[in-house]
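What follows is each chain in one-letter form.
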Amino acid sequence: MLEIANEAPGEPGPGEALVEIRAAGVNPVDAKVYSGAFGTDPARLPLRLGSEASGVVIAVGPDAAGPAGPIGVGDEVIAYRAPGSYAEELVVPASALVPKPDTLDWAQASGLMVTGATAWHLLTATGVGAGDTVLIHGAAGGVGVMAVQLAVDRGAIVVATASPENHDFLRGLGAIPVEYGTGLMDRVRAAAPGGVDAALDLAGTDEALDVSFVLVPDRTRIATIVSFERGLNTGIKVLGGAPGADPGTEIRDAARLDLARLAQAGKLRVFVSHVFPLAEAGRAHEAISQGHTRGKIALIP
Ligand SMILES: NC(=O)c1ccc[n+]([C@@H]2O[C@H](COP(=O)([O-])OP(=O)(O)OC[C@H]3O[C@@H](n4cnc5c(N)ncnc54)[C@H](OP(=O)(O)O)[C@@H]3O)[C@@H](O)[C@H]2O)c1
């Protein structure tokens, strides 16, 4: 059950900052974490939800500095990693704060980091660079939209799977869209006559991995962030927080400044398809759990 709790945020201690949250990013894991997908141990409750947000610093403790330098009152920031970001105010380590690019509004800024850092990790782990053709399964969602833009920025050719209503959108990002489902292999072959060098599975379907295994000659250039068990049994890269997976903490944390820089330069955009009031987080979770979100969902306190 989701509940709103009234609780004082507390004072920031050394190396911490108090952030007035303007928007919190919604990710599938926020709903999965209390769905039973990760077990039903009541000792884990209550869970505070959320992991990323945008907002304004309203108080700082001594020695508050983030990766871009000292943090002060009034700074407009993105907070990631920020556990418990579904809140009006939150104390976070200042090391979690990077300056908000002014090209992004609050909702967009709240959705840059989880998906962006995951996409960065995927592309780094599979070595995607200029001249590569990369197949991205589930390309219209939060992580996919980031992976497409970052791969295009690296000079790769991107073949992107999505339902037909997202094809124009993906074309606009520079990808070659193909519909997933029966016949996917032939459609990808037609879209990439020169072959496929790397594949990223953000969909978690058997189809995504089956097609990738046939089309990508080198299994170390296939990565999944969803199919953990099958991935670990088949010699591909398995990325994320599950046992046996590579969390890529250093790569993901280091990516934050690059993501902010690319967003500031207008080379990386965040597409927010739905905004909900924080008090309606349950509705946001119903929406994201459908598995067909285009881009991101944000919550506004
Ligand atoms: N391991 C990690 O570190 C990590 C990090 C972030 C996310 N994740 C996981 O990665 C997955 C994707 O995250 P997200 O934030 O991008 O999710 P999302 O925003 O909910 O996007 C899901 C996307 O999947 C597409 N899709 C649905 N069914 C599909 C199918 N059968 N084949 C191909 N694509 C399909 C949808 O596109 P259409 O609407 O066009 O169907 C939708 O755009 C989630 O399971 C999430 O929990 C893992």
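Described below are features of the structure shown in this document. Predicted, not measured: the structure shown is a model, and the values here were computed from it.

Time to look at helix 3 (residues 113–125). The end-to-end C-alpha distance of helix 3 is 18 Å, a good match for the 18 Å that 13 residues give at a rise of 1.5 Å each. Most of helix 3 sits inside the fold, with 12 of its 13 residues counted as buried. Of all the positions in helix 3, only Met113, Val114, Thr115, Gly116, Ala117, Thr118, Ala119, Trp120, His121, Leu122, Leu123 and Ala125 are classed as buried. One or two steps after helix 3, the chain reaches Gly127, where phi turns positive at roughly 60°.

Contacts to the ligand come from 27 residues, most closely from Lys32, Gly142, Ser163, Tyr180 and His292. At 2.7 Å, a side-chain N or O of Lys32 approaches an oxygen atom of the ligand. At 3.0 Å from an oxygen atom of the ligand is found a side-chain nitrogen or oxygen belonging to Arg252. Going through the elements one at a time, helix 1 (28–32), helix 4 (142–153) and strand 9 (157–162) are the ones with two or more residues in the shell around the ligand. Taken together, the residues that form the shell around the ligand break down as 12 nonpolar, 13 polar and 2 charged.

In this section: the packing of helix 3 against helix 9 (residues 249–264). Running from amino to carboxyl end, helix 3 crosses helix 9 at an angle of 110°, the nearest separation of the two axes being 9 Å. When the axis of helix 3 is compared with that of helix 9, the two are roughly perpendicular. At the point where helix 3 passes helix 9, the crossing takes the right-handed sense. Judged by residue contacts, Met113, Gly116, Ala117, Thr118, Trp120, His121 and Thr124 of helix 3 engage Ile251, Arg252, Ala255, Arg256, Asp258, Leu259, Ala260 and Leu262 from helix 9.

Turning our eyes to something else, we now look at helix 7 (residues 206–215). Ala208, Leu209, Val211, Ser212, Phe213 and Leu215 are the residues of helix 7 that are buried. Those residues of helix 7 that are buried lie in contact with strand 8 (133–137), helix 6 (184–191), strand 11 (198–201), strand 12 (222–224) and helix 8 (228–234).

Summarising the element assignment, Thr224 is placed in strand 12. Note on Thr224: relative accessible area 0%, which makes it buried. Polar contacts involving the side chain of Thr224 include one to the side chain of Asp201, which spans 2.7 Å. At 3.1 Å, the side chain of Thr224 and the backbone nitrogen of Val226 are in polar contact. Excluding anything up to four places from it in sequence, Thr224 contacts Asp201, Gly231, Ile236, Lys237, Val238 and Leu239.

Where strand 9 and strand 10 (residues 176–179) come together, 4 bridges link them in parallel fashion. In the strand pairing of strand 10, Ala162 is matched with Glu179.

Scanning the entire structure with this criterion turns up 1 aromatic pair. Between Phe169 and Phe271, the ring centres sit 5.0 Å apart and the planes meet at 90°, which makes this aromatic pair edge-to-face. Pair noted here: Phe169 is in helix 5 (residues 167–172) and Phe271 is in the loop between helix 9 and strand 14 (272–277), with a separation of 102 residues, a long-range link. Judged by its relative accessible area of 13%, Phe169 is buried.

Another point: the nonpolar core. With 47 residues, the main nonpolar core has Leu112, Val134, Ile136, Val148, Leu170 and Leu259 as its most contacted residues. Listing elements by their share of this core, those giving two or more residues are helix 3, strand 8, helix 4, strand 9, helix 5, strand 11 and helix 9. In terms of residue count, the dominant contributor to this core is helix 3 (8 residues). Once residues within four sequence positions are removed from consideration, Leu259 is found in contact with Leu112, Met113, Gly116, Ala117, Trp120, Leu150 and Leu268. Val188, Val196, Val211 and Val216 belong to the second-largest nonpolar core, a separate cluster that totals 17 residues.

Rules used throughout
- Along each chain, numbering runs from 1 in the same order as the chain's sequence is written.
- A pLDDT threshold of at least 70 governs which residues receive local features in this predicted model, and a stricter bar of 80 or more applies before side-chain atom pairs are shown or counted, although totals over entire chains, interfaces and linings include all residues.
- The side-chain values count all of the structure's non-hydrogen atoms but skip hydrogen atoms and water molecules.
- Helical segments are the DSSP runs of H or I of at least four residues, strand segments are the runs of E of at least two, and each set is numbered from the N terminus.
- Expected helix span is computed as 1.5 Å times (number of residues minus one).
- Here's how the labels work: a residue is buried when its accessible area is under 20% of the maximum for its type, exposed when over 50%, partly exposed in between, all with a 1.4 Å probe on protein chains only.
- Near is defined per residue: the residue qualifies when any heavy atom it owns lies within 4 Å of the molecule or strand.
- N or O atoms closer than or at 3.5 Å make up a polar contact, with two conditions inside protein: a donor-capable atom paired with an acceptor-capable one, and, for residues adjacent in sequence, both atoms drawn from side chains.
- In this classification, the charged set is Asp, Glu, Lys and Arg, the nonpolar set is Ala, Val, Leu, Ile, Met, Phe, Trp, Tyr, Cys and Pro, and all remaining amino acids, among them Gly, are polar.
- To obtain each axis, a line is fitted to C-alpha atoms, and for helices this fit is confined to the stretch in contact; angles are then taken between N-to-C directions over 0 to 180 degrees.
- Throughout this description, any angle smaller than 35 degrees is read as roughly parallel, any larger than 145 degrees as roughly antiparallel, any in the 65 to 115 degree range as roughly perpendicular, and the remainder as oblique.
- The hand of a helix crossing depends on one turn: near helix anticlockwise from the far one by less than a right angle means left-handed, and clockwise means right-handed.
- We call two residues in contact when some of their heavy atoms are within 4.5 Å.
- Only when DSSP finds a minimum of two bridges between them are two strands counted as paired.
- Classification of ring pairs uses Phe, Tyr and Trp, with its six-membered ring standing for Trp, and accepts pairs whose centres are within 6.5 Å; under 30 degrees between planes counts as stacked, over 60 as edge-to-face, and the remaining range as tilted.
- The nonpolar core is taken to be a set of buried Ala, Val, Leu, Ile, Met, Phe, Trp, Tyr and Cys residues, with the residues joined through side-chain atoms within 4.5 Å.

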